[in-house]
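Examining the three-dimensional arrangement
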Amino acid sequence: MTITAHSGRNVSEVTVEAARSGDLTLDDIRISRETLVAQAEAAERTGSAQLGCNLRRAAELTVLSAEDMLAAYEALRPGRSTFEELEDLAQRLSAQEAHNCAQLVREAAAAYRRRGLLR
């Protein structure tokens, strides 16, 4: 398997020299969805189901912009969102084919409700 950056650039091309010369973009230093899925499969093959699940959610997040990802993390901090705001986030994630992430947000919203951690 060839490991590529989010941009599609081969990881062997992502070097300090390329960074110094200004030849890299942000997407050149982001991991690709395919690489994360391959890592998830490898983790699952070796019996690390939870790690595989985490890597699959990370793969889903590669479709989000950096701003959207940071907003999602902020929304998930205890006391930052209402139940409805978290449900809206889950729906937006589902609409972007990030179904595992959406399920995690729904589980967090339910747990926050039980524990009094909603805004």
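Quick look at the structure, then. Going along each chain's sequence as written, the residues are numbered from 1 onward. Local features in this predicted model are restricted to residues of pLDDT 70 or higher, and side-chain atom pairs are both shown and tallied only at a pLDDT of 80 or more, whereas totals for entire chains, interfaces and linings draw on every residue. Side-chain calculation: all heavy atoms of the structure are included, whereas hydrogens and water are not.

Considering the environment of Glu-60
Applied cut-off: Secondary structure elements are defined from DSSP: runs of H or I of at least 4 residues count as helices, runs of E of at least 2 residues count as strands, and each element is numbered from the N terminus. Throughout, a residue-residue contact means that at least one pair of heavy atoms, one from each residue, lies within 4.5 Å. By the criterion applied in these results, polar contacts are pairs of N or O atoms within 3.5 Å in which, for protein atoms, one can donate a hydrogen and the other can accept it, and in which residues neighboring in sequence qualify only through two side-chain atoms.
Tracing the backbone through its elements, the reader meets Glu-60 in helix α3 (residues 49-61). C-alpha separation for the pair Glu-60 and Leu-93, spaced 33 residues apart in sequence, amounts to 8.9 Å. Dropping the residues within four chain positions of it, Glu-60 is found in contact with Arg-33, Glu-97, Ala-98, His-99, Asn-100 and Cys-101. Side chain to side chain, Glu-60 and Asn-100 meet in a polar contact 3.0 Å long.

Examining the nonpolar core
Within soluble globular proteins, side chains that are nonpolar tend to cluster in buried spots. Heads up, the condition is: What makes a nonpolar core is a set of buried Ala, Val, Leu, Ile, Met, Phe, Trp, Tyr and Cys residues whose side-chain atoms join them at distances within 4.5 Å. Each residue gets one of three labels from its accessible area relative to the maximum for its type: buried under 20%, exposed over 50%, partly exposed in between, using a 1.4 Å probe on protein chains only.
Within the largest apolar cluster, 15 residues are counted, with the highest numbers of intra-cluster contacts made by Leu-86, Leu-89, Leu-93, Cys-101 and Val-105. Among the elements of the structure, α4 (66-75), α5 (83-95) and α6 (99-115) are those that each provide at least two residues to this core. When residues no more than four places from it in sequence are discounted, the contact partners of Leu-93 are Leu-64, Ala-98, Cys-101, Ala-102 and Val-105. Residues Leu-36, Ala-40, Ala-43 and Leu-55 belong to the second largest nonpolar core, which totals five residues.

Considerations on the packing of aromatic side chains
For clarity, the threshold we go by: The pairing test for Phe, Tyr and Trp rings, Trp by its six-membered ring, is centres within 6.5 Å, and the orientation test on the planes gives stacked under 30 degrees, edge-to-face over 60, and tilted for anything in between. Either the NZ atom of lysine or the CZ atom of arginine qualifies as a charge over a ring when it sits within 6 Å of the ring centre and within 35 degrees of the ring normal.
Throughout the structure, instances matching the rule amount to zero aromatic pairs. Sitting over the face of the ring of Phe-83, Arg-113 holds its NZ or CZ atom 3.6 Å from the ring centroid.

A word on the pattern of salt bridges
Under the convention used in this document: Only one rule defines a salt bridge in this text: a Lys or Arg side-chain nitrogen within 4 Å of an Asp or Glu carboxyl oxygen.
One pass over the full model with this rule turns up nine salt bridges. Of the charged contacts, one joins Asp-27 and Arg-30 as a salt bridge, the two residues approaching to 3.2 Å between their closest N and O atoms. Looking at Arg-30, the relative accessible area reads 23%, which means it is partly exposed. Close ionic contact of Arg-80 with Glu-74 constitutes a salt bridge, the shortest N to O distance being 2.2 Å. Members of the salt-bridge network, linked through shared partners, are Arg-9, Glu-13, Asp-23 and Asp-28.

Concerning the packing of α3 against α6
Note the following rule: All axes here are fitted lines through C-alpha atoms, helices being fitted over the stretch that makes contact, and every angle between N-to-C directions spans 0 to 180 degrees. Here the angle decides the label: under 35 degrees means roughly parallel, over 145 means roughly antiparallel, 65 to 115 means roughly perpendicular, and every other value means oblique. Put simply, Ala, Val, Leu, Ile, Met, Phe, Trp, Tyr, Cys and Pro go in the nonpolar bin, Asp, Glu, Lys and Arg in the charged bin, and everything else, Gly too, in the polar bin.
The contact between α3 and α6 brings their axes to 8 Å, and the two run at 110 degrees. When the axes of α3 and α6 are compared, the pair comes out roughly perpendicular. Facing Arg-56, Arg-57, Glu-60 and Leu-61 of α3, the residues of α6 in contact are His-99, Asn-100, Cys-101 and Leu-104. Here the residues of the contact of α3 with α6 are counted per class, giving three nonpolar, two polar and three charged.

Some remarks on the environment of Asn-100
Considering the arrangement of structural elements, one finds Asn-100 in helix α6. Its relative accessible area of 38% is what places Asn-100 among the partly exposed residues. Along the chain, Asn-100 and Cys-53 lie 47 residues apart, while their C-alpha atoms are 8.5 Å from each other.

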